[in-house]
Amino acid sequence: MAKPKKRYVCTECGSLSHRWQGQCPDCSQWNSLVEEAPDTKFTAKHDLSSGGRAIVFEALDEPTKPLTRQSTGIAEFDRALGGGLVPGGAILMGGEPGIGKSTLLLQAAAKIAQKGGSVVYVSGEEATGQVRMRAARLGLSQAPLKLAAATSVRDILTTLGQDEPPELLVVDSIQTMHSDMIEGAPGTVSQVRASAFELIRFAKERGTALVLVGHVTKDGNIAGPRVLEHMVDTVMSFEGERSHQYRILRCLKNRFGAVDEIGVFAMEGHGLDEVGNPSSLFLSGRDEPIAGAAVFPALEGTRPVLVEIQALIVRLQSGATPRRAVVGWDSGRLAMLLAVLESRCGLSFSTAEVYLNVAGGYRLTDPAADVAVAAALVSALADKPLPADAVWFGELALSGEVRPVAHGSVRQKEAAKLGFKTAFGPGDGGQNVAGLRYTDVRAAASLVDRIMASA
Ligand code: TYD
Ligand code: MG
């Protein structure tokens, strides 16, 4: 019998190689290849005598049961999920250690249990005593959920298989789980994958909603196997700066809904509070207008969020290469904006260090932020504060033209609601919104002139 070939899998990108190499040929990560258990043999014979069964084809328009969703009891969590938990759906909840994944899931699990749902919470990281202490701190000790500290997938599924399957099963975390179907220590690629596979299969067969907690590495990948992302229905990421109180729950993949909604929370002494109106939260204490700060009406899914963009320009005396540092925005996009401002508007940043920060630990992905970033940069460069009651939005093209963006009126309404009086936006975005004066800017150059001319 031929010796089974060794295979190596990259813990970063999941790609397979047939020999070990120091660097992954796909993602170029160093020292990320680990040996994987060999594939089991398969027969190439494909007729009914080989044990295969015929599959049944169906038409696209056959009636299906409508998707029933179960609320987590936490509106912001439901919103990020696109409406709630789906029976049989598997969710991967990623996030840095200490960000609050266990807290959020314990809160949701307890809420569901309090409403009469059957919930199992399996912790592989903490002893039951620790989880109980957290529950006490959250005021949830009375919630009738089933708690266990276990790491053996076989034990967990054997136990669950004896009763009615739970409506929700939380496994915290998948990296601590161990499947005896396969060799290797918990946390290795093949173990994580095999454990997840068994748990997901149980969830699908029994109609249990499953949440797998996954640690992420410092570069934001769900640790080790990216393959997990393909196995689950929904990938969520719990984000925030640990030094900030605020946490954002983002959906990165969702087979059951949109991925553009976020949930916003504040970590308090008694657990995570929902933040229904995130706008006021991301505007840092705005009393004295300061140079380099611009307010941007961002859109997250269907929800407007006002955030403050802060720029700082430091002139360099020496000929050293100036630094550009960005927190909360794309650094490539900043380089592009600086180039547009230099070549289309005659501003010079070449001897200046540029720092850009999005307040509140928020991460912007909305392309409409260009105009607000440009306004902050120009204001910082000129050392002139922008009007305190203005918001800025629009996309900037390389030509220097300000392009229209989606949902201008939603952005303006949110700004008006929070007491802003003026909006600077693209040429055609001027729907009338009560209480807000709209000023259109068609080109970056006119925006710059306006800021430079203002007091
Ligand atoms: P945790 O849920 O354990 O994070 P994760 O599971 O993502 O690793 O949260 C840990 C942090 O949250 C910890 O630093 C303390 C803080 N925390 C609070 O501020 N208030 C609370 O009520 C709780 C339970 C935790
Ligand atoms: Mg935890």
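Residues numbered from 1 in each chain as written. Chains lettered and ligands numbered in written order. Predicted model: local features only at pLDDT ≥ 70, side-chain atom pairs only at ≥ 80, totals over all residues.

### Examining the overall build of the chain
- Within the chain, the regular secondary structure consists of eleven helices and 21 strands.
- Expressed along its principal axes, the backbone C-alpha trace of the chain runs to roughly 80 × 55 × 50 Å.
- A burial count over the chain gives 42% of its 455 residues as buried. (Helix = DSSP H or I, 4+ residues; strand = E, 2+ residues; numbered from the N terminus. Buried ≥ 20, exposed ≤ 12 C-beta atoms within 10 Å, placed from the backbone.)

### Remarks on the domain arrangement of the chain
- Examined at the domain level, the chain breaks down into domain 1 (1-36), domain 2 (75-276) and domain 3 (281-453).
- Between the C-alpha centres of domain 2 and domain 3 there is a distance of 37 Å.
- Partitioned by chemical class, the residues of the side of domain 2 that touches domain 3 number four nonpolar, two polar and four charged. (Domains from an automatic or database assignment. Nonpolar A, V, L, I, M, F, W, Y, C, P; charged D, E, K, R; others polar.)

### What to know about the pairing of strand 6 (residues 146-149)
- Bridge count between strand 5 (residues 119-123) and strand 6: four bridges; the pairing is parallel. Looking at strand 6, one finds that tyrosine 121 is bridged to leucine 147. (Pairing = 2+ DSSP bridges.)

### Here we look at helix 11 (residues 444-453)
- Among all positions in helix 11, only Ala444, Leu447, Val448 and Ile451 are buried. Projected down its long axis, helix 11 carries its buried residues within an arc of 95 degrees, all on one side.
- Among the structural elements, helix 8 (331-345), helix 9 (370-382), strand 18 (395-396), strand 19 (402-403) and strand 20 (422-425) are those in contact with the buried residues of helix 11. (Arc of directions from axis to C-beta. Contact = placed C-beta atoms within 7 Å.)

### Considerations on the packing of helix 9 against helix 11
- For the pair helix 9 and helix 11, the least separation of the axes is 10 Å and the interaxial angle reads 40 degrees. Accordingly, the angle class assigned to the pair helix 9 and helix 11 is oblique. Every pair of crossing elements has a handedness; the one defined by helix 9 and helix 11 is right-handed. Across the interface between the two elements, Val371, Ala374, Ala375, Val378, Ser379 and Ala382 from helix 9 touch Ala444, Leu447, Val448, Ile451 and Met452 from helix 11. (Axes fitted to C-alpha atoms, helices over the stretch in contact; angles between N-to-C directions. Parallel < 35°, antiparallel > 145°, perpendicular 65-115°, else oblique. Left-handed = near helix turned anticlockwise from the far one by under 90°.)

### Concerning helix 5 (residues 189-206)
- For helix 5, spanning 18 residues, the distance from its first C-alpha to its last is 26 Å, which sits close to the expected 26 Å at 1.5 Å a residue.
- Within helix 5, the full set of buried residues consists of Val189, Ser190, Gln191, Val192, Arg193, Ala194, Ser195, Ala196, Leu199, Ile200, Phe202 and Ala203.
- Downstream of helix 5 by a residue or two, glycine 207 has a phi angle that is positive, lying close to 75 degrees. (Expected span 1.5 Å × (residues − 1).)

### Remarks on the pairing of strand 4 (residues 90-95)
- The buried count for strand 4 comes to six of six residues, which makes it a mostly enclosed element.
- Side chains Ala90, Leu92 and Gly94 project from strand 4 onto one buried face, and the interleaved Ile91, Met93 and Gly95 project onto a second face that is buried too.
- Sheet topology note: the strand 4/strand 9 (residues 234-239) ladder contains five bridges and is parallel. When the bridges of strand 9 are listed, glycine 94 appears paired with serine 237.

### Notes on the UniProt feature "binding site: ATP" (unreviewed entry) in the chain
- Here, the residues flagged by UniProt with the feature "binding site: ATP" (unreviewed entry) are Gly95, Glu96, Pro97, Gly98, Ile99, Gly100, Lys101 and Ser102.
- If you trace the backbone, glycine 100 turns up in the loop between strand 4 and helix 2 (101-114).
- In contact with glycine 100, other than residues within four places in its own chain, are Phe238, Arg247, Met267 and Leu272.
- Here lysine 101 lies in helix 2.
- Those residues in contact with lysine 101 that lie beyond four places of it in its chain are Met93, Gly95, Val213 and Phe238. (UniProt positions renumbered as here; feature names shortened; annotations may be inferred.)

### Here we look at the site of ligand 1
- Around ligand 1, the surrounding shell holds 15 residues, and the nearest of these are Gly100, Lys101, Ser102, Thr103 and Gly271.
- Among the elements of the structure, helix 2 and helix 3 (128-137) are those that each provide at least two residues to the shell around ligand 1.
- The greatest single-element share of the shell around ligand 1, amounting to three residues, is contributed by helix 2.
- Residues belonging to the shell around ligand 1 are distributed by class as follows: four nonpolar, eight polar and three charged. (Near = placed C-beta within 6 Å.)

### Quick notes on the packing of helix 4 (residues 153-161) against helix 5
- One way to put it is that helix 4 packs onto helix 5 with a least axis distance of 10 Å and a crossing angle of 10 degrees. One element, helix 4, and the other, helix 5, form an angle in the roughly parallel class. Where helix 4 approaches helix 5, its residues Val153, Leu157 and Leu160 are matched on the opposing element by Ser195, Glu198, Leu199 and Phe202.
- Per-class residue counts for the contact of helix 4 with helix 5 are five nonpolar, one polar and one charged.

### Considerations on unusual backbone geometry
- Omega for the peptide link from aspartate 172 to serine 173 comes to 5 degrees, which places this bond in the cis form.
- Tracing the backbone shows serine 173 in the loop between strand 7 (168-172) and helix 5.
- In this structure, serine 28 is a non-glycine residue whose phi angle is positive, near 65 degrees.
- Topologically, serine 28 is positioned in the loop between strand 2 (16-17) and strand 3 (33-36).
- One non-glycine residue, histidine 407, lies in the positive phi region at around 60 degrees.
- Summarising the element assignment, histidine 407 is placed in the loop between strand 19 and helix 10 (408-417).

### Overview of the environment of alanine 149
- Of note, alanine 149 is situated in strand 6.
- Note on alanine 149: 17 C-beta atoms within 10 Å, which makes it partly exposed.
- Residues alanine 149 and glycine 292 lie 143 residues apart in sequence; the distance between their C-alpha atoms is 51 Å.
- When sequence neighbours within four positions are dropped, the list of residues in contact with alanine 149 reads Ser123, Glu126, Ala127 and Thr128.

### Some details on the environment of glycine 73
- Relative to the assigned elements, glycine 73 resides in the loop between strand 3 and helix 1 (75-81).
- Put simply, glycine 73 and glutamine 114 are 41 residues apart on the chain and 9.4 Å apart in space, counted from C-alpha to C-alpha.
- Those residues in contact with glycine 73, other than ones at most four positions away along the chain, are Ala108, Lys111, Ile112 and Lys115.

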